[in-house]
Amino acid sequence: MVQGQRMALADLFLRDKKAAKGLLAFEWVAIGYLIITLLMMVILWDKLVSPAEMLKGRAQFLLVTLACWAVYYLWPSRLMIFVRVLVQMAFLGWWYPDTYELNRALPNFDHLFVGWEQSLFGCQPSLLFSQKVPYGWFSELMCLGYVSYFPLMLITYLYYFFKRYQEFQMTAFVMLASFFAYYVIFILLPVTGPQFYYLAVGTEKIAAGIFPNLGDWFLTHSERMAAPGWSEGFFYHLLDLTHDAGERPTAAFPSSHVGVTTVVVLLALRTRSKGLVLTILPFYLLMCLSTVYIYAHYAIDALAGLITGIIAYFVFLRLYPGKS
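Residues numbered from 1 in each chain as written. Predicted model: local features only at pLDDT ≥ 70, side-chain atom pairs only at ≥ 80, totals over all residues. Heavy atoms only, no water.

Engineer: Whenever I open this one, the overall build of the chain confuses me. Can you help?
Structural biologist: A tally of regular secondary structure across the chain gives 14 helices and zero strands. On C-alpha atoms alone, the chain measures out to a radius of gyration of 21 Å, which is about the 20 Å that the 2.2 N^0.38 rule sets for 324 residues. With the C-alpha coordinates of the chain rotated into their principal frame, the extents come out at 65 × 50 × 35 Å. Looking at the chain residue by residue over its 324 residues, the buried ones come to 52%. Surface accessibility of the chain: about 15,100 Å² in total, with carbon and sulfur atoms responsible for 69%. (Helix = DSSP H or I, 4+ residues; strand = E, 2+ residues; numbered from the N terminus. Rg over C-alpha atoms; globule rule 2.2 N^0.38 Å. Buried < 20%, exposed > 50% of the residue type's maximum accessible area, 1.4 Å probe, protein only. Areas by Shrake-Rupley, 256 points an atom, 1.4 Å probe, with all protein chains shown as cover.)

Engineer: Would you take a moment to explain the packing of helix H12 (residues 256–271) against helix H13 (residues 274–293) for this structure?
Structural biologist: Helix-helix packing is described using two parameters, namely the angle between the two axes and the distance between the axes. Two elements in contact, H12 and H13, have axes separated by 10 Å at closest approach and are oriented at 165°. By the angle class used here, H12 and H13 are roughly antiparallel. Viewed along their axes, H12 and H13 form a crossing whose handedness is left-handed. Listed contacts from H13 to His 257, Val 258, Thr 261, Thr 262, Val 264, Val 265, Ala 268, Leu 269 and Thr 271 of H12 are Leu 276, Val 277, Ile 280, Leu 281, Tyr 284, Met 287, Cys 288 and Thr 291. In terms of residue class, the contact of H12 with H13 is built from 12 nonpolar, five polar and no charged. (Axes fitted to C-alpha atoms, helices over the stretch in contact; angles between N-to-C directions. Parallel < 35°, antiparallel > 145°, perpendicular 65-115°, else oblique. Left-handed = near helix turned anticlockwise from the far one by under 90°. Contact = heavy atoms within 4.5 Å. Nonpolar A, V, L, I, M, F, W, Y, C, P; charged D, E, K, R; others polar.)

Engineer: Explain the packing of helix H2 (residues 51–74) against helix H3 (residues 78–103) to me, please; I cannot follow it from the model alone.
Structural biologist: It is at 10 Å that the axes of H2 and H3 come closest, and there the two elements cross at 175°. Compared by their axis directions, H2 and H3 come out roughly antiparallel. Touching Met 54, Gly 57, Arg 58, Gln 60, Phe 61, Val 64, Thr 65, Cys 68, Trp 69, Val 71 and Tyr 72 of H2 are Met 80, Ile 81, Arg 84, Val 87, Gln 88, Phe 91, Trp 94, Trp 95, Asp 98, Glu 101 and Leu 102, all from H3. Partitioning the contact of H2 with H3 into residue classes produces 14 nonpolar, four polar and four charged.

Engineer: Looking at this structure, how should I read the environment of Tyr 160?
Structural biologist: Considering the arrangement of structural elements, one finds Tyr 160 in helix H7 (residues 149–163). Residue classification places Tyr 160 among the buried positions, given a relative accessible area of 0%. Between the alpha carbons of Tyr 160 and His 221 there is a distance of 42 Å; along the sequence they are 61 residues apart. Dropping the residues within four chain positions of it, Tyr 160 is found in contact with Tyr 165, Glu 167, Phe 168, Met 170, Thr 171, Leu 267, Arg 270 and Thr 271.

Engineer: Please explain a nonpolar patch on the surface as it appears in this structure.
Structural biologist: A contiguous nonpolar surface patch, about 640 Å² in accessible area, is contributed by Leu 306, Ile 307, Ile 310, Ile 311, Phe 314, Val 315 and Leu 319. Tracing the chain through its elements places Phe 314 in helix H14 (residues 299–319). (Patch = residues over 30% accessible without salt bridge, like charges linked within 9 Å, V, L, I, M, F, W, Y side chains within 5 Å. Salt bridge = Lys/Arg side-chain N within 4 Å of Asp/Glu carboxyl O.)

Engineer: Got a minute to help me understand H7 in this structure?
Structural biologist: For an α-helix, the turn length of 3.6 residues means that residues three or four places apart are oriented alike. Here H7 spans 22 Å end to end across 15 residues, near enough to the 21 Å set by a 1.5 Å rise per residue. Regarding H7, the residues found buried are Tyr 149, Leu 152, Met 153, Thr 156, Tyr 157, Tyr 159, Tyr 160 and Phe 161. Buried residues belonging to H7 abut H3, helix H6 (136–147), helix H8 (168–188), H12 and H13. (Expected span 1.5 Å × (residues − 1).)

Engineer: Which parts of the structure should I look at to understand the pattern of salt bridges?
Structural biologist: Pairs may arise between side chains of opposite charge once their charged atoms sit close together. Summed over all chains, the structure comprises seven salt bridges. Glu 27 is the salt-bridge partner of Arg 84, the closest N and O atoms lying 2.6 Å from each other. Pair noted here: Arg 84 is in helix H3 and Glu 27 is in helix H1 (residues 25–44), with a separation of 57 residues, a long-range link. A relative accessible area of 1% places Arg 84 in the buried class. Between Arg 104 and Glu 101 there is a salt bridge, with its nearest N and O atoms 2.8 Å apart. Look at Glu 101 and you get buried, because its relative accessible area is 16%. It is possible to trace a salt-bridge network through shared partners that takes in Arg 164, Glu 167 and Arg 270.

Engineer: Help me out: how do you make sense of the packing of aromatic side chains in this one?
Structural biologist: Describing an aromatic ring pair means giving the distance of the ring centres and the angle of the ring planes. Under the counting rule described, the total for this entry stands at 36 aromatic pairs. Ring geometry for Phe 138 versus Tyr 293: centroids 5.4 Å apart, planes at 65°, classification edge-to-face. One end of the pair, Phe 138, is in helix H6; the other, Tyr 293, is in helix H13, with 155 residues separating them in the sequence. As far as the burial class goes, Phe 138 and Tyr 293 line up, both buried. Seen in terms of ring centroids, Phe 161 and Phe 162 are 5.2 Å apart; in terms of plane orientation they differ by 85°. Their pairing is edge-to-face. According to the relative accessible area criterion, Phe 161 is buried, its value standing at 1%. Judged by its relative accessible area of 27%, Phe 162 falls in the partly exposed class. Arg 84 extends its terminal NZ or CZ atom over the ring of Tyr 72, reaching a point 4.9 Å from the ring centre. (Phe/Tyr/Trp six-rings, centres within 6.5 Å; stacked < 30°, edge-to-face > 60°. Lys NZ or Arg CZ within 6 Å of the ring centre and 35° of its normal.)

In structure tokens:
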């Protein structure tokens, strides 16, 4: 049986006598995002490349979400609560490239952000970072930090699920709400990041301080620069696979990698578990550096991710409708 908030494996399958009858708060966040993007689709319909596929994906999302609710309704258990969270997390991998389908119908703003970056730092940190630290071992650390994104979230979920179950749904709500807040920004503020903009313009022009306005270039172009570093490294290959699977010219400002992992760190600190914090913190530091090193983000994206991540944590923690 459960002692305090801790959970034994046998408790995963126990019928929950106080089961929620409807959709859970973190699922309503996802449905709210679906409604927002449907409204955007209506506005941008004539400019969308594949609206039918976008509608199909949303219908599949609703069917899977309702199917998970139905299974839980028939046999409410803690295991099914965990499955419902994992399903919503898995759909983030579909929602992310979907932001590109919407924001590529809008004019690109990279030239503004590159100009601000130059004014603030006097250079392009993303262009110079890997040149200043070209070592293979450092490249692997950067790639490791970047691909640890979802594992860090999973570790935090598992900790809350097994040791602080009463706050597990709150954790899911805060994380998912943070994701979707970033996704809304990505749609309304089309910034692709160095790996796409530098390639489209040319690194020689970037180094010379030439930052042209590309207009609707990314409406039909999605080519990206290869990440710098040791191309034979294990984590470099892993990074390449994840980029090939889901990367699109979208989601640069602010960095959701930095923002969401900042939320993860704050959730870990909330537990007061030294083991959890010390496990997550080194990867978090690598994450913040890696976003700039691998050309995924401008330095101002990472700084904005840090600030917005802190804001998102406290705002969505306060907005969570349940009791922690």
